[in-house]
Amino acid sequence: MSCPHHNFRELEKDIHTDFKDDMSYGDYLQLPQILTAQKPLSNQHDEMLFIVIHQSSELWLKLAGHELSAAIDNLNNGDFGHAFKVISRVKQIFNQLTQSWNILSTLTPVDYLKFRDALGHSSGFQSYGYRKLEFLLGNKNHSLLKVHESDEQVHTELSTILNAPSLYDVTLSILAKQGLEINESHLQRDKSQPYEKNESVLNAWLEVYKDADKYFELYELAEKLVDIEDSFQQWRFKHMYTVQRIIGNKSGTGGSSGVAFLKKALDISFFPELFELRTKL
């Protein structure tokens with residue numbers, strides 16, 4: 001009698017194996033389309049890494065945009081619980097995106113230069129998912145729409161989001177509805193313009209933080225927003241540092257100044273009053 005194999009797992013009899021007429025895992029996830037979407041333009045080994053990192057990042061950006069849109073709807077409906085849940089999820093998505101730069105950092109400058117020219121003028125700056133995310137968070141910039149004019153559907157959607165209230169705009173409206181004094185002119189400002197910090201907003205947040213028990217949901221929302229900016233800025237920084245590690249101070253493929261341009265983004269705050277209030281408390 002033969003001995004049983006200990007380093008082996010038998011297939012359980014109830015596990016489904018016939019998918020001729022049934023939906024499989026690959027069918028559900030559209031894996032044939034996803035896993036054949038990697039089309040290197042060179043014969044260099046590391047180009048596959050470059051493509052997969054950026055494609056997977058776009059999927060995470062898509063999910064983050066999906067969640068932030070839901071958070072805005074939740075807040076508009078007064079549903080703080082679900083808003084907190086999806087905002088917390090967005091924070092974890094940004095953490096995941098930040099980690100992905102560590103994988104890309106294994107790409108050395110010499111190996112990247114072997115296929116960089118094949119990228120032409122394509123650049124992450126042209127990412128529709130990233131632009132959507134920044135607009136949802138309130139970093140509005142009308143001139144950035146020019147990059148997307150060649151795709152009418154994308155351009156239309158981004159134009160709509162540019163002109164709509166951001167996550168922070170919706171939050172400030174909630175503060176006003178709960179009796180906190182915010183200048184009406186600020187509440188009615190052109191939502192397509194970059195956000196500028198406002199003294200009345202700072203004072204409203206100070207009131208919330210000084211009486212957190214009374215305004216607990218607003219206090220909790222504020223901290224969730226700080227979580228988002230914290231994780232987003234870590235992602236921005238890691239992006240900048242990874243680019244610096246791989247190409248130094250060369251210009252970007254899309255025509256930007258590269259690292260210098262990326263560094264400027266670190267000075268942009270989505271929720272400036274939430275950071276200034278910490279000094280005032």
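The structure this text deals with has already been given above.
Computed from a prediction, not measured in an experiment: that's the story for all the values here.

Caption draft 1: Representation of the overall build of the chain in the model. Secondary structure assignment for the chain yields 13 helices and 0 strands. Moving toward the C terminus, one meets the helices and strands of the chain in the order α-α-α-α-α-α-α-α-α-α-α-α-α. Among the 281 residues that make up the chain, the fraction classed as buried is 41%. For the chain, the share of sequence-separated contacts (at least 6 apart) that also reach a separation of at least 24 residues comes to 70%.

Caption draft 2: Local environment of helix α7 (residues 152–163). Helix length check: α7, at 12 residues, gives a terminal C-alpha distance of 17 Å against a target of 16 Å (1.5 Å per residue), a fit within 8%. Within α7, the full set of buried residues consists of Val154, Leu158, Ser159, Ile161 and Leu162. For α7, the buried positions fall inside an angular range of 165° around the axis, keeping them on one side. Residues Glu152, Gln153 and Thr160 are exposed on α7 and point more than 90 degrees away from its buried face. Lining the buried residues of α7 we find α6 (128–137).

Caption draft 3: Examining the layout of surface pockets more closely. Counted as a void, the largest pocket has a volume near 1,400 Å³. The wall of the largest pocket is formed by 50 residues, among which Ser123, Gly124, Phe125, Gln126 and His239 lie closest to the centre. Looking at the lining of the largest pocket, the elements that each hand over two or more residues are α3 (47–76), α4 (80–104), α6, α11 (216–247) and α12 (259–265). It is α3 that contributes the most residues to the lining of the largest pocket, 8 residues altogether.

Caption draft 4: Here's a closer look at the pattern of salt bridges. Per the counting criterion, the structure on display carries 10 salt bridges. With its nearest N and O atoms 3.2 Å apart, the salt bridge here joins aspartate 111 to lysine 114. Taking relative accessible area as the criterion, aspartate 111 reaches 24% and is therefore assigned partly exposed. Note on lysine 114: relative accessible area 48%, which makes it partly exposed. Here aspartate 169 ties to arginine 189 by a salt bridge, and the two come within 2.7 Å at their closest N and O atoms. Taken as a pair, aspartate 169 in helix α8 (residues 167–177) and arginine 189 in the loop between α9 (184–187) and α10 (199–210) lie far apart in primary sequence, 20 residues in all. The residues aspartate 169 and arginine 189 share a single accessibility class, namely buried.

The rules behind the values
Numbers given to residues run from 1 along each chain, matching the order in which its sequence is written. At least 70 in pLDDT is required for a residue's local features to be given in this predicted model, at least 80 for side-chain atom pairs to be given and counted, and no such filter applies to totals for whole chains, interfaces and linings, which use all residues. With hydrogens and water stripped out, all remaining heavy atoms of the structure feed into the side-chain values. Helix and strand assignments follow DSSP, with helices taken as H or I runs no shorter than four residues and strands as E runs no shorter than two, numbered in order from the N terminus. Accessible area is worked out with a 1.4 Å probe on protein chains only. A residue is then buried under 20% of its type maximum, exposed over 50%, and partly exposed in between. The contact criterion used is simple: two residues touch if any of their non-hydrogen atoms lie within 4.5 Å. For a helix, the expected span equals 1.5 Å multiplied by the residue count minus one. This arc describes the spread of directions from the helix axis toward the C-beta atoms. A 1.4 Å probe that fits into a set of points on a 1 Å grid over the protein atoms alone but cannot get out defines a cavity; an open set with protein on both sides within 12 Å along at least five of seven lines defines a pocket, and lining residues are those with an atom within 4 Å of a point. Grid points are joined across faces, edges and corners, and a volume is the space filled by probe spheres set on the points. Salt bridges are counted wherever a side-chain nitrogen of Lys or Arg sits within 4 Å of a carboxyl oxygen of Asp or Glu.

Purely spatial values, then, with no claim about function.
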